[in-house]
Amino acid sequence: MMMVVAEPGSRIRVARGALVVETKTGKKVVVESSVERVIISSSRVSISSAAVRAAAKWV
């Protein structure tokens, strides 16, 4: 499965051991470990270093 984060102002972070995507409008999505790829298609999306480490563990 693949997830695309395209909304400018979105944030990808870790909360309670899970990847969470928060949009500027306040919508939250918890990313499951079945997601094989997270594609960031906007230059205005931030990702925490903890989120990068968590995603790397899934590989």
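Owing to the predicted nature of the structure, the values given are computational and were not obtained by experimental measurement.

## Regarding the overall build of the protein
- Regarding its fold elements, the protein presents one helix and six strands.
- Beginning at the N terminus, the succession of helices and strands in the protein can be written as β-β-β-β-β-β-α.
- For the protein, the C-alpha radius of gyration of 10 Å lies close to 10 Å, the compact-globule estimate for 59 residues.
- With the principal axes as the frame, the protein shows a C-alpha extent of 25 × 20 × 20 Å.
- Counting across all 59 residues of the protein, residues that qualify as buried make up 25%.

## Let's talk about the sheet that holds strand E4 (residues 28-31)
- Within the open sheet, the four strands sit side by side as E4-E3-E2-E6. Their pairing is mixed. The sheet is open, and its two borders are formed by E4 and strand E6 (46-47), each paired with just one other strand.
- Bridge count for strand E2 (residues 11-15) against E6 is two bridges, and the pairing is parallel. Directly across from Arg 11, in E6, lies its bridge partner Ser 46.

## What to know about a nonpolar patch on the surface
- On the surface, Val 38, Ile 40, Ile 47 and Val 52 cluster together to form a nonpolar patch covering roughly 280 Å² of accessible area.
- Positionally, Ile 40 belongs in strand E5 (residues 37-40).

## Some remarks on unusual backbone geometry
- Even without being glycine, Arg 16 reaches a positive phi, approximately 55 degrees.
- For Arg 16, the position within the fold is in the loop between E2 and strand E3 (18-22).
- Taking the relative accessible area as the measure of exposure, Arg 16 reaches 88% and is therefore exposed.

## A look at the nonpolar core
- Met 3, Val 5, Ile 12, Leu 19, Val 21, Val 31, Val 35, Val 45, Ala 51 and Ala 54 together form the largest nonpolar core, which totals 10 residues.
- Each residue touching Met 3, except ones within four places of it in the same chain, is listed here: Val 21, Val 29, Val 31, Val 35, Arg 37, Val 38 and Ile 39.

## Considerations on the pattern of salt bridges
- Applying the stated criterion to the full structure yields three salt bridges.
- One salt bridge connects Arg 11 with Glu 22, and the closest N-O pair in it is separated by 3.2 Å. You can see Arg 11 sitting in strand E2 and its partner Glu 22 sitting in strand E3, a full 11 residues away along the chain.
- Shared partners join several salt bridges into a network, and the residues in it are Arg 11, Arg 13, Glu 22 and Lys 28.

What counts and what doesn't
Residues numbered from 1 in each chain as written. Predicted model: local features only at pLDDT ≥ 70, side-chain atom pairs only at ≥ 80, totals over all residues. Heavy atoms only, no water. Helix = DSSP H or I, 4+ residues; strand = E, 2+ residues; numbered from the N terminus. Rg over C-alpha atoms; globule rule 2.2 N^0.38 Å. Buried < 20%, exposed > 50% of the residue type's maximum accessible area, 1.4 Å probe, protein only. Pairing = 2+ DSSP bridges. Patch = residues over 30% accessible without salt bridge, like charges linked within 9 Å, V, L, I, M, F, W, Y side chains within 5 Å. Areas by Shrake-Rupley, 256 points an atom, 1.4 Å probe, with all protein chains shown as cover. Salt bridge = Lys/Arg side-chain N within 4 Å of Asp/Glu carboxyl O. Core = buried A, V, L, I, M, F, W, Y, C linked by side-chain atoms within 4.5 Å. Contact = heavy atoms within 4.5 Å.

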